Structures are given as structure tokens and as C-alpha cells.
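Residue-level structural notes
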Amino acid sequence: MRTAAASLDLVRPRSVDDALRSIADDPSLAPIAGCTDVFVGLNAGTFAGTRFLDLWPLEELREIGIRNGAISIGALATHTAIQESPAVVSRVPILAAACREIGGAQIQNRGTLGGNVANGSPAGDTLPVLAVAEAVVVLRSATQERRIPFTSFFTGYRQTVRRPDELIVAFELPPLDQVQWFRKVGTRAAQAISKVVMAVVGGERPRVAVGSVAPTVIRCTRTEAALAGGATFDEASRIVESEVQPIDDLRSTADYRRRVCGNLLRRFGTETQR
Amino acid sequence: MPVVGTNVPRKDAAEKVTGSAKYVDDLAFPGMLHARTIRSTIARGRIRDVRLPFDRAGYTVVDYRDIPGRNAVALIEDDQPLLVEREIRHVAEPIVLLAHQDRDALLRARVEIECEPLEAIFDPQQSVQVLKDLRIVKGDVDAALARTDVIVEGEYRTGHQEQLYIEPNGVIAVPENGGITVYGSLQCPFYVHKALRIALGFPADRIRVVQTETGGGFGGKEEYPSVIAAHAALLALKSKRPVKLVYDRLEDMLATTKRHPSIVRHRTGVTRDGDLVAMDIDVLMDGGAYVTLSPVVLSRGAIHAAGPYRCDHVRIAARAVATNTPPNGAFRGFGAPQTQFALEVHMERIAETLGMDPARFRELNALRPGDTTATGQRVEADCSALQVLEQAAQRSDFHAKRERYAGTNRGIGLALFFHGAGFTGSGEVTLASRAALATSERGVRILVGSAEIGQGTRTMHAQIVADSLGIPYDDVETALPDTSSVPDSGPTVASRTCMVVGGILQRCAEELRARIGDLHPAEHFRRHGPTVVTKQYEPPHGIRWDDDTYRGDAYATYAWACDVAEVEMDPDTYEIRPIHFTAVQDIGKAIHPTLVAGQIEGGTAQGIGYALLEEVVMRDGAMANAQMTNYLVPTTLDTPTMDVVIVETPSHHGPFGAKGVGEMPIDGPAPAIVNAIRHLGLDIRQIPATPERIAEAACVSV
Amino acid sequence: MRLRVNGREMEVDAPPMTRLLDVLRIHCELPGTKEGCGEGECGACTVLLDGEPVCACLVPAAHAESAEVTTIEGLGGEHPLQRAFAEHGAAQCGICTPGMIMAALALPPSPTLDDVRVALAGNICRCTGYHAIYRAILRA
Ligand SMILES: Cc1cc2nc3c(=O)[nH]c(=O)nc-3n(C[C@H](O)[C@H](O)[C@H](O)COP(=O)(O)OP(=O)(O)OC[C@H]3O[C@@H](n4cnc5c(N)ncnc54)[C@H](O)[C@@H]3O)c2cc1C
Ligand code: FES
Ligand code: FES
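Definitions and limits used
- Residues numbered from 1 in each chain as written.
- Chains lettered and ligands numbered in written order.
- Predicted model: local features only at pLDDT ≥ 70, side-chain atom pairs only at ≥ 80, totals over all residues.
- Heavy atoms only, no water.
- Contact = heavy atoms within 4.5 Å.
- Buried area = accessible area lost by both parts, 1.4 Å probe.
- Salt bridge = Lys/Arg side-chain N within 4 Å of Asp/Glu carboxyl O.
- Helix = DSSP H or I, 4+ residues; strand = E, 2+ residues; numbered from the N terminus.
- Pairing = 2+ DSSP bridges.
- Buried < 20%, exposed > 50% of the residue type's maximum accessible area, 1.4 Å probe, protein only.
- Domains from an automatic or database assignment.
- Arc of directions from axis to C-beta.
- Near = heavy atom within 4 Å.
- Polar contact = N/O pair within 3.5 Å; in protein donor to acceptor, adjacent residues only side chain to side chain.
- Areas by Shrake-Rupley, 256 points an atom, 1.4 Å probe, with all protein chains shown as cover.
- Nonpolar A, V, L, I, M, F, W, Y, C, P; charged D, E, K, R; others polar.

Right, let's get into the interface of chain C and chain B. Between chain C and chain B, the residue contacts involve 42 residues of the former and 49 residues of the latter. In total, chain C and chain B occlude about 3,400 Å² of area from one another, counting both sides; carbon and sulfur atoms represent 57% of this. Along the contact surface separating chain C from chain B lie five salt bridges. The closest approach of N and O atoms between Arg-135 of chain C and Glu-601 of chain B, which form a salt bridge, is 2.9 Å. Where the side of chain C that touches chain B is concerned, the elements lending two or more residues are α1 (20-27), α2 (80-87), α3 (97-104), α4 (113-119) and α5 (131-139) of chain C.

Shown next as C-alpha cells:
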């Protein structure tokens, strides 16, 4: 049952600083960006908050640029903007690939990278990419800025280290020279929530991250170590199958997810011919 | 210039492409209230107490005690209450109705319902409450099976399927002239009319039902609108205000009807040369908590269970049972997709057992003119099972691809099927539908109760009338389906709107022509004022049906089709992608080829969803995935290229040779796809064939 | 709040978190934009927000302030896409049609079939199986 719109307040800051002050004064404010998650929750009556802080007009949070060799992507960059960014396409094509598979055009035009991460769904499609890219999450409050490695950002199911008075302002992705690979499995060819979503970076220090197989996106460190130690992809596949902790839910089964994880890693191996 | 067989502009196209077509939620009336339904959250139990702990000022509250007539949804049986009195039989059963001027206030109201839960039954195999059972017997199955050397057995399952029309159910009830008018998104204005008469205890002339533009139905707006209409009417009568009751998607999925899940078992005897000797078929359907339309869904399912094949010894035992789940109901195909899925997958397995080519095996056994169906009906010259089979195999290059794909990730499979047009058995005779034509200033106006729900009713009827009268298409208008001004043409279901209602209209036109001589009807109207011709359905000569023995002519005629599916499996994810689809369908006569192609393409897409994606996850008797994000229907990227071939072998029963077209397209895709998956070496006997099921099959097969 | 809809300035009195869909349908009395799901999945509510297709059921009214909103009513009725949809049977029940046309507006000139399929992947049509829609757009 839909939440009544009249019962909802919206604070509309004029600048990022203004926004940070508002949320410092009232940490119960829920930030909103493209609202593609928030409004689904409100329409279904499952979103708890009633007071909102509007980030959408804050242009400075939309920027995508190169800073000290890293790509910096503003929290408000939409999935469309990310796909269209030459910097992203040339350096982290798997991020563009992930954004291309999020919802349909309407969702990509509104949904943001910050929202995808802050929403914290284990099925978020950009999350495994950020995990293997070893991105840094830039959190800012009225008083300080913190830079958190993406891999320590999530602490549990939809739980993050973000404090109530902080906003995600940007993500920084260090240069990636190694081969990179991404695959989303959602059964329906478009507009599907992932049953398994995997990102892999090859090279000396291989990195494997998987979504939808645990309460949060996970880096498969045992698998990575095995690969780094020269394990074959068949061996690594078996390790990844034991490393993920999927469950049966509305959308799929634990068995299926486990097998697909193994298969995908094997596919990465054959496609990148290591 | 004749228009039948041409692609004249749709009558409703301009409004639909400009957004000016008025669907029920686009209408508002002065002083209108909004409504909300309070429902059960358990599958079975007794209500102990209902509390409304809020200030009731401004609210209209209705429960079963406010029903002036009978607390029943009038359909086949009267077992389903409009509002629960004491006993809850399924989740989402309506208990209390609220109305308020302000939607937000409506959302805020909290109703507490205290219940004593009782044990519920969800597995139809455990249910002892039979809603309907029937037997079709031809020859002596037991004796025939005893003497055949090859017997193939199998069990096949299909799940619920949600119609997922994009416009959810909704109505507006307006108290008027001491009676009630209901505007709504619906397929069967006269079903709603009857339900209101019984619920309200009003005489027929105090009830008016008007169909508004309807955003899809597919059977899902056949019986359920009666419930919603009665609810809105009760609130409107009590509040003396117009009341709008429009469901949101979640409520629509949770509470309204779906396709019946089925379990079908086959035991078939064949000779080594591939001749069908005996077919023993057992059909079980899950009807949900009340009878609703289960008896007729079961009956159509059973009659189609032996498919378009000749076999001297057939026994079909079918039953629909009750479970504590929301009632299942009408959905395009009406039982036939379930039973023909089972049969066509079974046929594939038989061919495999015999080491025979699947097309050849079907060719050997397909019905030819003069052969008899399971009910003993002799099919006429318009039986084209062989032709559609041959054409589909040729068009799709079936045999070459079957070889070429062997051992790859691609598979190709086919399904041969048929679909009876119109109501089953004596249904049309009992219905005795009527249709009328009235001369008008423009030319002539069609008066029918048939609903335009996207399939093109208005356009197709106007074409039939234009040519039958010999006047331009543009001179034919269609009256709004309003029970106060059009005759009862029966429900808009069962692929009957063209063949049956169109046929009555053709006869109206012929009589009108005889009455007005050579004049254009508009000219006649100017000179003599309005002339109205009303005609009633007349059963075709020589049609016989016995409802007690299920013997005889189950339908006036059948449409015939063969689908070929080509699929590709992703070996990593077990996802099956349909890559190309060939549909060769003989529908007698395409009155409007674009509309017909639209029915075939749309029905095929729904069938692809049924085969691969659409899974209703039931938990404790409730649909657990009642959102579009979790109940997946095909998007553009899931729908393959399609080669649609319309074959026209005319039937003398329908206008211009036409038969039914609306439903048949959904009978074939699921078995064709599953047979293509079988070509990949995977033994699938249950749909949807989700990647999870394929992965499981991949463990055992190959 | 003020917004520009189909080139016209409008003044509406709606809370900022009202769905743009309701603002259009109820406050602006433009019911051509349809609601099929309220969860961003069906695309029936697609409108252009500053030229880009979005789901109006997921946009707060506040985000349409000072933006340009285009709905199906803004196309007039003689737009080539509208004519092509009518001609090729792309509108059956018609409930998805306004959203389909709005999403198709974002396509580049002379799109390929693949372009069309990708651009419409967020719009569900339950009637047509999409092929008539492709034919309409490719020939518009
Ligand atoms: C139809 C549909 C399909 C979808 N498909 C996919 C898909 O395929 N894959 C996928 O991953 N997701 C999908 N989504 C989910 C959603 O679109 C994405 O998660 C999107 O990136 C969310 O971004 P947003 O800007 O819309 O977030 P919002 O809805 O505005 O916010 C989401 C959450 O993040 C918080 N938040 C937002 N920005 C910030 C910030 N800067 N700092 C702190 N907190 C913040 C909000 O408070 C809220 O809790 C889909 C959604 C819909 C409706
Ligand atoms: S109503 Fe907005 S996407 Fe369905
Ligand atoms: S035309 Fe009915 S949903 Fe598209």
C-alpha cells in the first residue's frame, strides 16, 4: 500500500555544503538522488523514512573526471552518464557494461552510482565492479571527509559504514591495466534483478567479486589467492563455488547460483585465455 | 470496395496513439470517492473480530452486512462470497471495503482483523474437494493398451500464469436514477450485470454496466470484474457518491485470478511403426478456493488433451480440485495450453522412444478430414493439421536445422496443436447470444456487448458488416458496450467474437439489406428513421453434443497450427534464449491480417513467457513475487524474431470462413520450446523451464 | 510549484514528493500518461524530462520543477510515430502505447532494429509481442 505523498517532507539544499549542514542538523533525513529505489519503496509502502534530503539538483556531485591518475565519479552520476563517459569506457569498460544492464533506459537516465551503492542491495550490478576495481568511497559530512576502501564499505545486509550525517560524494577508481570481465545473470534479457553478478580483474593480483550470493557483495579472496598461486580455472571454479554463500529466495536457488559462479569463472578463463 | 481481408485503419487507433482514449482510471465524477479493499492475510481461518480503530468521519465502510441481495459472486456456482462473513478460504480474500474522498486518508486507515487460523491445503494432489470431474471415453483403452508392445508414460506440470494486462483491474460505480451504473475495465459487461443484479437484488433495468477502454484482459477481466464492480457498487450505494476502485499492481497480482496450474499424466500405446493405438490421460487442475470458472476451463482442457491426433482408443479423466489459494480463472487458452503442453512434450518423447523423426511421427497421426477427435467429433474439410505441419517444417527448415544443431548449444522443436472456436459443447446454444445493427445518420451502427480489449473487435466487426451490407467501412460505427443499449452478445472470450458474434452480425446485415433494398442505410435512415435488426445465435445444422457423456461435436470447428521454436542455451548460466520462432496458423480467414498477425505475435510472446520466465512463487497460499520486478514477462530483448504464416482454410461456420484466432497462439510456444530444449538433450517436463530447472536437468541428462 | 509541461507553464499545488505521474494525471489533467505498475518496471508512465525518457512513477514532483516535461499530449497527434503506430497495429489495447511512443522519441534518426529493442527494453507490452511496434518505429 502506497505511502501518502502529503506525509513526506523534502529538504532542498542549494549546495553540497548546505546539504551537509542539513543532514548534520537532522541525521534522520534520507538522501534522495534519482529515486529509482526510494520511490519503489514509497509506492510499495516499504520505505521507512518520511523526511528526505534532495541531492538531485547538486550538479557538482555529477562530475566524472580524472584526478591524480584515478577516475573520480560523482555520486550523482547516472548510469547513462557513466556509459557515455569516455574516461570510464576507456579505463573501466566493465563499469560501463554494468550500467548498461541496469533496468531500461528510463532507469539508467535517473538511477545513480551513489544510489546503487548506498541502497546496498547485494544484487546491485555496479557493486562487484567497484569491488574488483578497488574503488574508494568518498564520504563527507559537515565536519570531515573519509575515504573508505569499497571492500570495507559494507558491513552486512544493507548495512554500511556510512554515518547518518554523511553523504557519499564520489567514488575513485585507480587505474586498471589488467584484463577485466563482467557478467550479469538475470534470466530475463533486460530489466532483471541479478541472480548472480560477477566482475573479475586478471593479472598478477587477480580479483573476483560476486553479487547476489551473500548478504553483501563479496570479494572471493580464497579464489583470488588460488588463482594468484597458479591454480587452474577448473580448480579456482571449485573454490569459488565453496566460497560463495548463496541462499534460496524468490528469484533463484542456492544450488543454481553456486554452479553458475563456478561456470562464470571458468568462462572468464577461456575468454581471456590465460 | 470489399474490406474483409484488408488492413483498414483500426477504429480505435487515433485515440490510443494520442493518449486520449479513456481508461477507467482516466475518468472522474463530481464528488467521487476512492476505495480500498481490506483482505485476509491467512489462507484459511475464521474471523473472530474486525476492528476499525480510527475516526470514521468521512469514511464509508462496507462489510457483508451491507449487501442487499445475495452475498455471492454469481457465476457458475454461488459459492464465492463477495465479502467474507466468517470463513476465510484464501489469502487476499475481501473482508471490508473503505471509501474516502482523499486517497491519502484511505491509505492511513488501519483495519485490524483477528482470525483463528485453520489448516490449509495448497497441494492439489492432497485435496479431496473436487470442483468438477469429467471423463471422455472413446473405444476401449485398457484392452488396446494390453495388446500394444510400446507404452510410453509421463507426467507433465505447468504452473500458475498471471495475465499481466498492463492496465490493472478497476471500476467506477455511480449511483444514478435509483439504480447503479458501473464503468469499468472488463471483458464481459453482461457477466457484471448479472452479478450486480444478484448481489444488489435490483431489477435488471436499474443496473447499467459500461465498458471503458480496456488495457488488456487475456481472460483476466472475464470474471473478476464482477467482484470489483459489486464492491464499488456497495460503497456507492452506501455513500450515495460515485466510487472509484482501481487496484494497484500488487493487489491485482495478489488477489485476482491466474491460469490454473496442472498436472497431466499420459500413458500411451503405439505400434513400432508409430501409429497411436491408445491414449490414457489424467488431468488434474488446481482451481483455487472457489469454483469460479474451473468447470469450463477443465472441460476445454480435457477436450484438447488428446490434441489434433487420431486414435481409436482414448480415455481422458479430468478433475479440478480446490486448494486454499486465490481462485484461478480464465486466461487465454482456457485449459488448452496446459493439456496441449503435456501432450506435445509427450509426443516428442514417444517419437524419441521409437527413434522416429518428430515431424514424421506427428504426420502419421495427425487428424485428417473425416477422422474423429477424442469426443468422437468428425472433423470437416477445414482440418488442416497436416498442411500446417508440413508448411511449418518447410518454412523453418526444420529437418536441416535439426541435423545442423545436433550437438551444439542450439535446439529446434515443434508443436502441432488445435483450438476449438466458441463455447464448448452446448455452451453457445445455452448462451443464445444476440447482436444488432441499427441504421444511423452515418450508415449503420453495430450494437454488441462484445468488448474491445485490444484484439480489434470494433474494427473486425465493422469490416464484416461493411462487406455484408456492401457499404464503405467508414460508414460503420460501433455503439459503446453499455448493457442499457446493446443486446447481450455473450462474453468476450473463447475465440468467439469473430466467429460467433461476427456471424450473427453478418446475418443482421443480410436481413437489413433485404429490408432496406438498394438504399444506403444512411439514406434509408433519413427517409424512414431508424431501423434495427436484432438476431440471435443459431446453432449450425448437424451439430450434436451430449453434456453427460462428453461425446459429440465439442466445437463447431477448430483452428489448426504448428509452431517451431529455435533456442540457444548459455552453457554457463543454463539460460534458454529463443532465437527464432515460426508460427503457421490456420484461422480460416484473416478478416484483418494485421490484427491477426498481432494476435499470433502477442500470444506467442505470452507463450514464450509461460515456457521460460513466468513463475508465480506461492508461499503459504499467497503469491510471494507479486511485483513486476519479480514476476518476469518477456521484454523486447526476450522476444525472438517471428515468422508468422497465416493459412486460410475456410470454415462454413464463420463469417467469410473465419474461425477463432485469439487463443490458439498461446497453446504452442511452450511445448515447441520445451521440445527444442529436449533437442539439446535436456529432459524438461515442467514449465516454466527456468535456468534453475535446466541446470538440474543438465545434471542428469546429457 | 511551477513546471513546464508540453511547452506550457503550469502552476500546481502538490507536495514535493508527489509522484510526477500524479502531478501530470491529476493536477495537470493530462491522463495520457498511464500507470501500469508504480514500480518502474512497465514503462507505461514514460515521459520526457528535459528530453530524456524517465518513469514518471519514480520521479518526485520536485525534480520536475524548472524542468521541461513532455507527455504524449505534447505530440499533437500527427507525429510520424503516432501515425506509424496507428497504421501498423502497434497499439492493441493501447495502454502501453503512450509510454512506448515517448521512449521511442529518444531514438536516433533511422534507428536499427537493435537500437529499437534496446531503447524499449524498459517498456512492457503484453499484447503485441513487440513486432508491430518495431515495424511502426522502423517505418516512421
Ligand atoms: C525498474 C527498475 C530496474 C532496476 N534495475 C536494476 C538493475 O538491473 N541493477 C541494479 O543494480 N539496480 C537496479 N535498479 C535499482 C536502482 O535503479 C539502482 O540501485 C540505482 O542506481 C539507484 O540510484 P538512485 O539515484 O535512483 O537512488 P535513490 O533511489 O535516490 O536512493 C537509493 C538509496 O540510496 C541513498 N542514497 C542515494 N544517494 C546517496 C548519496 N549520495 N549518499 C548517501 N546515500 C544516498 C538513498 O537514501 C536511498 O536509501 C532498478 C530499479 C528499478 C526501479
Ligand atoms: S507505472 Fe511507471 S513504470 Fe510502470
Ligand atoms: S498494446 Fe496492450 S500492452 Fe501494449
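Bringing the sheet that holds strand β2 (residues 45-51) of chain B into the picture now. With respect to topology, three strands assemble into an open sheet ordered β4-β2-β6 (chain B), the strand pairing being antiparallel. Unpaired on one side and paired on the other, β4 (87-88) and β6 (112-117) of chain B mark the two borders of the sheet.

We now examine the pairing of strand β4 (residues 52-55) of chain C. All names here are of chain C. As paired strands, strand β3 (residues 46-49) and β4 are joined by four bridges and run antiparallel to one another. Within the sheet, the bridge partner assigned to Leu-48 lies in β4 and is Pro-53. Connecting the antiparallel pair β3 and β4 is a turn made up of two residues, with Asp-50 showing a positive phi of about 50°.

This brings us to the pattern of salt bridges. As a working rule, side chains carrying opposite charge can pair if their charged atoms are close by. Residue and element names in this part refer to chain B. If you walk through the whole model with that rule in mind, you get 80 salt bridges over all chains. Notably, a salt bridge pairs Arg-360 with Glu-363, separated by 3.2 Å at the nearest N-O pair. Here the residue Arg-360 and the residue Glu-363 both occupy positions in helix α9 (residues 358-365), the gap between them amounting to three residues, near one helical turn. In this structure Arg-360 comes out as partly exposed when scored by relative accessible area, which is 39%. A single network of salt bridges, built from pairs that share partners, joins Arg-10, Asp-12, Lys-16, Glu-213, Glu-452 and Arg-458.

Our next topic: the domain arrangement of chain C. All names here are of chain C. Domain assignment breaks chain C into domain 1 (2-74) and domain 2 (76-139). Spacing between the C-alpha centres of domain 1 and domain 2 amounts to 20 Å. Regarding the contact of domain 1 and domain 2, the summed buried area is about 1,100 Å², with carbon and sulfur atoms giving 64% of it. Here domain 1 is connected to domain 2 by zero salt bridges. With three residues, β3 is the single largest residue contributor to the side of domain 1 that touches domain 2.

All names here are of chain B. Within the secondary structure, Pro-688 sits in the loop between β28 (686-687) and α18 (691-700). With a relative accessible area of 3%, Pro-688 lands in the buried category. The spacing of Pro-688 and Arg-678 is 10 residues in sequence and 14 Å in space, taken between C-alpha atoms. When sequence neighbours within four positions are dropped, the list of residues in contact with Pro-688 reads Tyr-610, Ala-611, Leu-612, Leu-613, Glu-614, Glu-615 and Arg-693.

Turning to helix α11 (residues 398-405) of chain B, a few remarks are in order. All names here are of chain B. Within α11, the full set of buried residues consists of Phe-398, Lys-401 and Tyr-405. Projected down its long axis, α11 carries its buried residues within an arc of 65°, all on one side. Exposed side of α11, more than 90 degrees from the buried face: Glu-403 and Arg-404 are the residues found there. The inward-facing, buried residues of α11 abut α9, α10 (385-396), β16 (410-420), β23 (558-569) and α17 (669-679). Remark: Gly-407 follows α11 within two positions and exhibits a positive phi of approximately 80°.

A few words on the site of ligand 1. Taken together, the neighbourhood of ligand 1 is formed by 34 residues, with Pro-31, Thr-36, Asp-37, His-79 and Thr-112 of chain A sitting nearest. Each of chains A and C places residues near ligand 1. A distance of 2.7 Å is found between an oxygen atom of ligand 1 and a side-chain nitrogen or oxygen belonging to Asp-37 of chain A. Between ligand 1 and the protein, one listed contact pairs an oxygen atom with a side-chain N or O atom of Thr-112 of chain A at 2.6 Å. For ligand 1, the protein covers 93% of the area, taking 990 Å² as the surface of the free molecule. Among the elements of the structure, β2 (30-32), α2 (38-44), α6 (105-110), α7 (113-119) and β10 (167-173) of chain A are those that each provide at least two residues to the shell around ligand 1. The biggest single contributor to the shell around ligand 1 is α7 of chain A, with four residues. Split by residue class, the shell around ligand 1 holds 15 nonpolar, 11 polar and eight charged.

The next subject is the domain arrangement of chain B. Residue and element names in this part refer to chain B. Looking at chain B, the domain boundaries give domain 1 (13-21 + 433-536), domain 2 (31-118 + 164-255) and domain 3 (262-424 + 551-701). When each unit is reduced to the centre of its C-alpha atoms, the spacing between domain 1 and domain 3 is 34 Å. Taken residue by residue, the interface counts 19 residues in domain 1 and 21 residues in domain 3. Of the roughly 1,400 Å² buried between domain 1 and domain 3, counting both surfaces, carbon and sulfur atoms make up 71%.

A word on the interface of chain A and chain B. The interface of chain A with chain B comprises 26 residues on the first partner and 29 residues on the second. Both faces combined, the contact of chain A with chain B buries some 2,500 Å², and carbon together with sulfur accounts for 54% of it. For the pair chain A and chain B, the interface holds four salt bridges. When the shortest N-O distance is used, the salt bridge between Lys-195 of chain A and Glu-692 of chain B registers 3.0 Å. For the pair chain A and chain B, the interface holds 14 residue pairs in polar contact (both at pLDDT 80 or more). Listing elements by their share of the side of chain A that touches chain B, those giving two or more residues are β11 (180-185) and α11 (254-272) of chain A. Among the elements that make up the side of chain A that touches chain B, the one with the highest residue count is α11 of chain A (six residues). Residues that form the side of chain A that touches chain B fall into these classes: 12 nonpolar, six polar and eight charged.

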